[in-house]
Amino acid sequence: MSLLRVCAFAKCLNRRSLFEKCAVRESLVDCCRLCLSVRNGAVRRISETPLQLQRRNITFVIPKAEDAKKRVLEQSQLLDVLDARIQQLQSDVILDVQQTKVQFVKAPSSGRVSSGRGPKSTPQEKDGIPKSGQTTGKGASTSQPSRWMEKLTQEKKKKQQHLKNVKEKPPAKSKANKSNSMLPGTSHKTISTTAKKTATLIKKSRRRMKLSDEIRAAVSPTATTTAAGIAVMSHKVSTGKQKDSKNQNPKKKDSKNQVPDEEVQKQAVSDPEVEELERRLSQQVSQWTSSSNPEHLQVDTEGSTYGDIGLSIHSYLEASVFAGEIARAQSFLLSQHRVMSRRKHLNTDIYNIMMRVWAKKGTLNQIGRMFILLEEASLKPNLGSYCAALECMGRNPNCSPRIITRCLTQMKQDGLSVDNIFSQCVFQQDERDMVLKAIRTVQPDYQPNLNLTTSQSSSSLVQDYYALRADHRYPKLDFNQEELQERFKRQLSMEQACTVTIDSVEAARPITENMAKMRKLLTEQRAQWQKILLQALRERKMILAKTNSRDYLLNLYPYFCLLDDREYVDIMIQSVVNMPPSGESLKILARDLGNRVYTKYAVRQKHQNQTVEKMGNIYNAYTELLAKDTQVYDVLPREEWCRLETEQFSGPTLQGGESCWPYIVTLELGTCMVDIMVKNLKINSDILNPAYDRKLIPILYHMYTFRSTRQVSSSGEHPNNCTAQRDSLTHTSNAEVLYFSVRLLYLLLKVVGFIKPHPILTQMQQEAMETKLTFDSYVMPMLCPPVPWTSVKFGAYLLTPTKLMRTVDGAIQHEVVLDKCQNLHPVLDSLNQLGNCAWRINKPLLDIIISIFNDRGSEKLDIPPPLSEAPKIPHFNPHDPTYTASEKAHMKREVINAKKKCSEMHSLRMDALYKLSIANHIRDEIFWFPHNMDFRGRTYPCPPYFNHLGSDVTRAILVFAEGKPLGPKGLDWLKIHLINLTGLKKRSSLQGRLEYANTIMEDILDSADNPLNGKKWWMNADEPWQALSCCMEIANAVRSPDPTGFISHFPVHQDGSCNGLQHYAALGRDVIGATSVNLMPCDEPQDVYSGVAQQVEEFRSRDAGNGLKIAQVLEGFISRKVVKQTVMTVVYGVTRYGGRLQIEKRLKEIDEFPKEHVWDASHYLVRLVFSGLKEMFTGTREIQDWLTESARLISKSGHTVEWVTPLGLPIIQPYHRTRNQVGRKRGRGLGELEQQTGKLKSTMQHINLQITHDTKDAGLTFVSVHDCFWTHALTVDTMNKVCREQFVALHSQPILQELSNFLLQKYCTGLPAEAKNKKYQEYRRLLLLLAKVPQTGDFDLQQVKESTYFFS
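Criteria and cut-off values
Each chain carries its own residue numbering, running from 1 in the written order of its sequence. Note on the predicted model: pLDDT of at least 70 is required for a residue's local features to be given, and 80 or more for side-chain atom pairs to be given and counted; whole-chain, interface and lining totals, by contrast, use all residues. Based on all heavy atoms of the structure, the side-chain values leave hydrogens and waters out of the count. Helix and strand definitions here come from DSSP, where helices need a minimum of 4 consecutive H or I residues and strands a minimum of 2 consecutive E residues; each element is numbered from the N-terminal end. Burial classes: relative accessible area under 20% of the type maximum marks a residue as buried, over 50% as exposed, and values in between as partly exposed (1.4 Å probe, protein chains only). Here a residue-residue contact requires only that any non-hydrogen atoms of the pair lie within 4.5 Å. Accessible surface area values rest on a Shrake-Rupley calculation with a 1.4 Å probe, where residue burial reflects the displayed protein chains alone. Residues belong to a common nonpolar core when they are buried Ala, Val, Leu, Ile, Met, Phe, Trp, Tyr or Cys residues joined through side-chain atoms within 4.5 Å. Given the number of residues in a helix, its expected span is that number minus one, multiplied by 1.5 Å. DSSP calls a pair of strands paired once it identifies at least 2 bridges connecting them. Each Phe, Tyr or Trp ring, with Trp reduced to its six-membered ring, pairs with another whose centre is within 6.5 Å; inter-plane angles below 30 degrees give stacked pairs, above 60 give edge-to-face pairs, and intermediate values give tilted ones. Placement of a positive charge over a ring is assigned whenever Lys NZ or Arg CZ falls within 6 Å of the ring centre and within 35 degrees of the normal to the ring plane. Every axis corresponds to a line fitted to the C-alpha atoms, with the helix fit spanning only the stretch in contact, and the corresponding angles, defined between N-to-C directions, vary from 0 to 180 degrees. Any angle that falls under 35 degrees is termed roughly parallel, while one over 145 is termed roughly antiparallel, one within 65 to 115 roughly perpendicular, and all others oblique. Note on residue classes: Ala, Val, Leu, Ile, Met, Phe, Trp, Tyr, Cys and Pro are nonpolar, Asp, Glu, Lys and Arg are charged, and everything else, Gly too, is polar. Identification of polar contacts relies on pairs of N or O atoms within 3.5 Å, with a donor-acceptor requirement for protein atoms, meaning one able to donate a hydrogen and the other able to accept it, and with residues adjacent in sequence counted only if both atoms are side-chain atoms. Two distance rules govern patches: like charges are joined within 9 Å, and nonpolar side chains (Val, Leu, Ile, Met, Phe, Trp, Tyr) within 5 Å, applied only to residues with over 30% relative accessible area and no salt bridge. Here a salt bridge means any side-chain nitrogen of Lys or Arg lying within 4 Å of a carboxyl oxygen belonging to Asp or Glu. Residues counted as positive are Lys and Arg, residues counted as negative are Asp and Glu, and His and the chain ends are not counted. A single reference atom marks each charge: NZ on Lys, CZ on Arg, CG on Asp, CD on Glu. Crossing chirality is assigned from the near helix's rotation relative to the far helix, an anticlockwise turn below a right angle marking it left-handed and a clockwise turn marking it right-handed.

1. Re the overall build of the chain
No. 1: In terms of helices and strands, the chain carries 53 helices and 24 strands.
No. 2: Put simply, the chain has 1352 residues, and 53% of those count as buried.
No. 3: Here the analysis covers contacts within the chain between residues at least 6 apart in sequence; of these, 77% occur between residues at least 24 apart.
No. 4: As presented, the chain carries roughly 63,300 Å² of accessible surface, and 50% of it is formed by carbon and sulfur atoms.

2. Concerning the nonpolar core
Proteins that are soluble and globular tend to have nonpolar side chains buried together.
No. 1: Counting 138 residues, the largest nonpolar core has L1079 and L1165 as the members making the most contacts within it.
No. 2: Setting aside chain neighbours within four positions, we find L1165 in contact with V1096, L1114, I1118, V1122, I1143 and L1147.
No. 3: Listed in part, the 103 residues of the second largest apolar core include I403, M411, I571 and L593.

3. Thoughts on helix α47 (residues 1136–1148)
Helical geometry: 3.6 residues make up each α-helical turn, so side chains three or four residues apart lie on a common side.
No. 1: With 13 residues, α47 extends 18 Å from end C-alpha to end C-alpha; this agrees with the ideal 18 Å at 1.5 Å per step.
No. 2: For α47, the secondary structure elements touched by its buried residues are α46 (1120–1129) and α48 (1158–1176).

4. Here we look at the pairing of strand β13 (residues 931–934)
No. 1: In terms of strand pairing, strand β10 (residues 805–806) meets β13 through two bridges, oriented parallel. Across the sheet, the residue bridging to R806 is D934, located in β13.
No. 2: In the sheet, β13 pairs with strand β14 (residues 939–941) via three bridges, with the strands oriented antiparallel. In the sheet register, H931 faces β14, and the bridge partner there is P941.

5. Examining the packing of aromatic side chains
No. 1: On inspection of all chains with the given rule, the structure shows 33 aromatic pairs.
No. 2: On the basis of an interplanar angle of 70° and a centroid distance of 6.3 Å, the ring pair of Y619 and W641 is categorised as edge-to-face. Taken as a pair, Y619 in helix α26 (residues 611–626) and W641 in helix α27 (residues 637–647) lie far apart in primary sequence, 22 residues in all. For the pair shown, Y619 and W641 are each scored as buried.
No. 3: Connected via pairs of aromatic rings, a cluster forms that spans Y316, F322, F332, Y559, Y598, Y601 and W661.
No. 4: The ring of F853 is capped by R909, whose NZ or CZ atom sits 3.6 Å from the centre of that ring.

6. Remarks on the side chain of S585
No. 1: Locating S585 in the fold gives a position in strand β2 (residues 584–585).
No. 2: Assessed through its relative accessible area of 11%, S585 is described here as buried.
No. 3: The residues contacting S585, other than those within four sequence positions of it, are V752, G753 and F754.

7. Topic: the sheet that holds β10
No. 1: The three strands are arranged β10-β13-β14 in an open sheet whose pairing can be described as mixed. Sheet topology places β10 and β14 at the edges, where each strand pairs with a single neighbour.
No. 2: In this fold helix α34 (residues 825–835) packs onto β13 and β14, with an angle of close to 130° to the strand it touches most, β13.

8. Structural notes on the packing of helix α38 (residues 967–982) against helix α39 (residues 990–999)
No. 1: Running from N to C, α38 and α39 cross one another at 90°; their axes reach a closest spacing of 9 Å. On the basis of the axis angle, α38 is roughly perpendicular to α39. Only L990, R993, L994, Y996, A997 and N998 of α39 make contact with α38, whose side of the interface consists of D972, W973, K975, I976, I979 and N980.
No. 2: Residue classes in the contact of α38 with α39 are distributed as seven nonpolar, two polar and three charged.

9. Observations concerning helix α24 (residues 565–577)
No. 1: Over its 13 residues, α24 extends 19 Å from the first C-alpha to the last, a length consistent with the 18 Å expected when each residue adds 1.5 Å.
No. 2: Across the 13 residues that make up α24, a large majority, 10, are buried.
No. 3: Those residues of α24 that fall on the buried side of the exposure criterion are D565, E567, Y568, V569, I571, M572, I573, Q574, S575 and V576.

10. Focus: the pairing of strand β1 (residues 499–503)
The side chains of a regular strand alternate, residue by residue, between the two faces of the sheet.
No. 1: Here β1 shows a buried face lined by V500 and I502 and an unburied face lined by T499, T501 and D503.
No. 2: Note: β1 against strand β7 (residues 772–776), five bridges, orientation antiparallel. Note on β7: the bridge partner recorded for T501 is T774.

11. With respect to the side chain of H1063
No. 1: The topology assignment puts H1063 in helix α42 (residues 1059–1068).
No. 2: There is a polar contact of 2.9 Å between the side chain of H1063 and the side chain of H1291.

12. A look at the sheet that holds strand β23 (residues 1263–1265)
No. 1: Reading across the sheet, the three strands line up as β18-β24-β23 and stay open at both edges, with antiparallel pairing between neighbours. What marks the edges here is a single partner per strand, and that holds for β18 (1052–1055) and β23. For this sheet, the mean angle separating the axes of adjacent strands, direction not counted, is 25°.
No. 2: Note that β23 and strand β24 (residues 1268–1271) share three bridges and pair antiparallel. Of the residues in β24, the one forming a bridge with V1263 is W1270.
No. 3: Strands in contact with helix α51 (residues 1276–1291) are β18 and β24; relative to β24, the strand with the most contacts, it is inclined by about 145°.

13. Considering a negative patch on the surface
No. 1: On the surface, E482, E483, E486 and D629 cluster together to form a negatively charged patch.
No. 2: Considering the arrangement of structural elements, one finds E483 in helix α22 (residues 481–497).
No. 3: According to the relative accessible area criterion, E483 is partly exposed, its value standing at 36%.

14. Regarding unusual backbone geometry
No. 1: Its identity is not glycine, yet Q429 carries a phi of approximately 55°, on the positive side.
No. 2: Judged by relative accessible area, which is 22%, Q429 ranks as partly exposed.
No. 3: Residue M769 is not a glycine yet carries a positive backbone phi of 50°.
No. 4: Checked against the element boundaries, M769 lands in the loop between α32 (759–768) and β7.

15. Here we look at the environment of I850
No. 1: Along the chain, I850 falls in helix α35 (residues 843–853).
No. 2: Here I850 falls in the buried class, since its relative accessible area comes to 11%.
No. 3: Note: C-alpha distance between I850 and N920 (70 residues apart in sequence) is 9.0 Å.

16. Points about the pattern of salt bridges
No. 1: All chains considered together, the criterion is met by 46 salt bridges.
No. 2: Linking E1285 and K1281 is a salt bridge whose minimum nitrogen-to-oxygen distance equals 2.6 Å. Highlighted residues: E1285 and K1281, both in helix α51, separated by four residues, approximately one helical turn.

17. Quick look at the packing of α35 against helix α36 (residues 885–921)
No. 1: Running from N to C, α35 and α36 cross one another at 145°; their axes reach a closest spacing of 11 Å. As for the relative orientation of α35 and α36, their crossing is left-handed in sense. Between α35, through L846, I849, I850 and F853, and α36, the contact on the second element is made entirely by R909, A912, L913, L916, A919 and N920.
No. 2: Its residues placed into classes, the contact of α35 with α36 shows eight nonpolar, one polar and one charged.

Take a look at the structure:
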């Protein structure tokens, strides 16, 4: 605590309200940490909605008499601490400032503070106040010394020890131990033994504060420098306190967990292996630190304190400023700044938000005040701070050049470059021009030096790709520049609207009288609901605007001012239209509502910041790279876009203009909107049946369900039981009451809320069968090539905000790590290449699918039937005495199963309706799928419903927009691909498959000509719709005059042979495993699934011979299909539990298998499958076990599992388990490996990205579905060659050794002595395990290049 703050605080002690507030707040600290978090909101929700207030209706009974006595005790202790702190600071710091005398007021025994008008009292006049440990009267309970007194006692002891050390040691040697002996309230910069040091310190401090002084003095000439000097010195003392408190690390004794020092030292000495590993590790760390390889260096962000609270404050201030609530934003920032416990959540960027506001207004004095606030918060100005200051100076015509010069000088002293302002800061509107104007006032010839980011990758695997470009030419699209620019305008218009309304494919059905009636009723009701919601929203805003919330609560009012009121209402109405009959989770519904508001807000921000116009100019110039009527370029899309941005220097910045809302803000805003809907949307009960009594009933109702019966009952508790126990204790101790109250809250948090539509509304919507569907704009494919990813925060859509990496809700650590990555160019270029593939619709096939969809569907062909085909839900009276108990139970099960079936059919039907309607809407368009990736680096198209990663139906109606001739082998590849889609001839060679295709050409042609009325051969394929599409392509090719010249748009797939096991076999150089998954050249393909099935059958036959009943039941039912999914997913970390569910599902699909044995059979088979895999892949299992155990020990140490892919992409596992323990301040999050195969997945993704690079060099179209690669029939051989070469290049790297080095460097270095004493055994086990990389076999990787069936 700085001297200035102590003096100011002591002055305020005369104010009764402030004193009582502090006393009450501090008195609650020692009561219950978890309870305090619940009541005061240490991690407080953004606002209180009525729904949350219902959940927080928990009574805390605290007797007032005891509270008053405790308050008196706390007040007296606070006075002791303040008195001691002032004396301490006066003795430790030599300041050339006038100190204010502090007057103390004697607190009366009632716990209240006098008004300050009575006689003055000294610190010695505190006899009437009970000391710690004393009683205040009869019957008063004793109290333990508070943390203030403990801290004061500790500091007094430390100071006595410090003085003793100073007396014993010569002054010359005291410097070395200075950092370890100083008090937390002092700073080594302010401790002075001579007047010379003091003078030097004061001189430096005044020079440090000079910038903010001059900024304020430029506007307020009467400002005195004394106050500034005091502020500087208070900042210095505060800074010293914080720095020194970090240096001091007092040892806390823990008799339960601490290992005796002698034992640890003896153990360490007797373990030379650990010592040798630590020595080698320290040498490697020093080498990694000196190098600039980002693959080895990763910044640890786990200790970051700027989490959801800081992000919430940031978004609140931005929303307030955007809504024009400047006074609200300024007041809130100051309220956060004034309280130390909340100030820790602030960073420089938060203060910069208000700086930019004052910079727009040209108020230099406010900028100066913000700089002083930064100093008080012990924060340093960053580039954004100086940018705002310079902008303000540029807007102020009366600003002195001396101030600008001083600002630039201070920037240089802080190690910041003026050029970095223009290359790293985000500008809005004319901010860049104003900054440049200010700089040119003192440097007329200044020109920003904007260097383009280099494309050289640190990964040796892709260095040649960027370095060798002599023959590289980026391919053109089949559009001229004018066509691409017109497509850009259409896409921009759609994104500006944020939504798009399309025709449903069900529109072709004839309109009945009842349909017309229901549509009219819904139209009338929605018009009425809009008026009601509009009025309710405005009333809620008025309440929020007048709410005098406490400083640490973020009011939702600014978030309801970002858009027009009618836009919020439209969002709510649309959510009602799209709600399924079974209802929606409150959490999901609230999240979607909040995200829709945020998307519209982000688009509006870009309009306000004037980035839309600049986006258009740059995109129009960017089309020169892609258009067929322009010159040829040898650069990549990312490089060209960056070059164009640099050329069009003036104006706003396109990248990073908006900041994402934290998950809690989105959830709170959406919850408030749901609350408005539930309370105000109503309908007449007799709208469908006039015989009913008319009354208004809600169309939405809120219901609750437990997440899991096992989760709640595992502790033997239920909320009702906990409530009863709490109520029975209300007349006993407060601690017990608080315990059961908190326990009740914990159990209630396991309850999940659902919002369900009323059956009347559901019936109306189903019978209306409306012909229009409304989607968010990002759901639709793009009508122009996507914006290339140029950074972590910019790419994909034109205006719609898109994340580069998908994460679980609320996870922010991925964004933090990605922002600190030095070079992600290979990853970004790969995503750009995937997104630049143009697509079109296979219209003949789409028409066939829509006709079946509208004609009751087909479960066999994966076309969901309408709800009219759903089973009828049986109705029975559970109170009918004619039913027995078993009959009632049977009827209830039938009702539940029927409802579940109806819900599933509705979900599948709507999913198919969305996909087919989108496809039909763009049937005549060329379109693109922008891509991003998940946390493990796997690429996905951004549009969620309709894309090439979908089902068989979706894939079948997608073809490449670009056509290429078949060439000499293209027709053969089409035939082989068709046989692959049927699932036949898995063990046959390519030549055998081709010969089989030639023998069934009659069936192929019949399928193409008469798909629904012919022999229907295609319907028996594993992928029937893709097989039909391929039949049509083959028919068109063979009937063309020259099949080799036939222009084909059809994508041919090459699928890895259990690609996960392929990577494991390559990592372990496992000869047997490599042979099983076709890494070894063979005349015929090896089918690992059939091999495992054969081995499982041998185990079953043996057990059946020994009389095992379940083995006898399974005779004849073990097939490749039964075990395939489990074998395929075991490398992705599937457990025995998950594997059992997979096998259970396959067995249920076999009609002949007795259903009563499914449970026992699945348990038995999953054990055999795991045993078979362990025998077949010995080396693979060793690596998998090493990865699993490593992840387990890392998680056990309290860290999340992290690693870096060969392309330099950082991966963090987002999964964690929270241990909820009552009485603890918070649960402990344990990072867990996504089961076992983290490194494997990054390895697989590298292949995907690396092939993306090299296939473009080879001039072929390429897209991927994880480990399945698509290209034209003409270029299949070329893609196969690239795939094999890159697989060998990747696994020729020491992947496991590099992973070991990285994990050792991250988790086994810099372990403090205290941690070694407590958890030395865990540290030792982790160190030895990570250093012991599994041994590899003798498989020669070069043989992969000759393996025909590696991908086939």
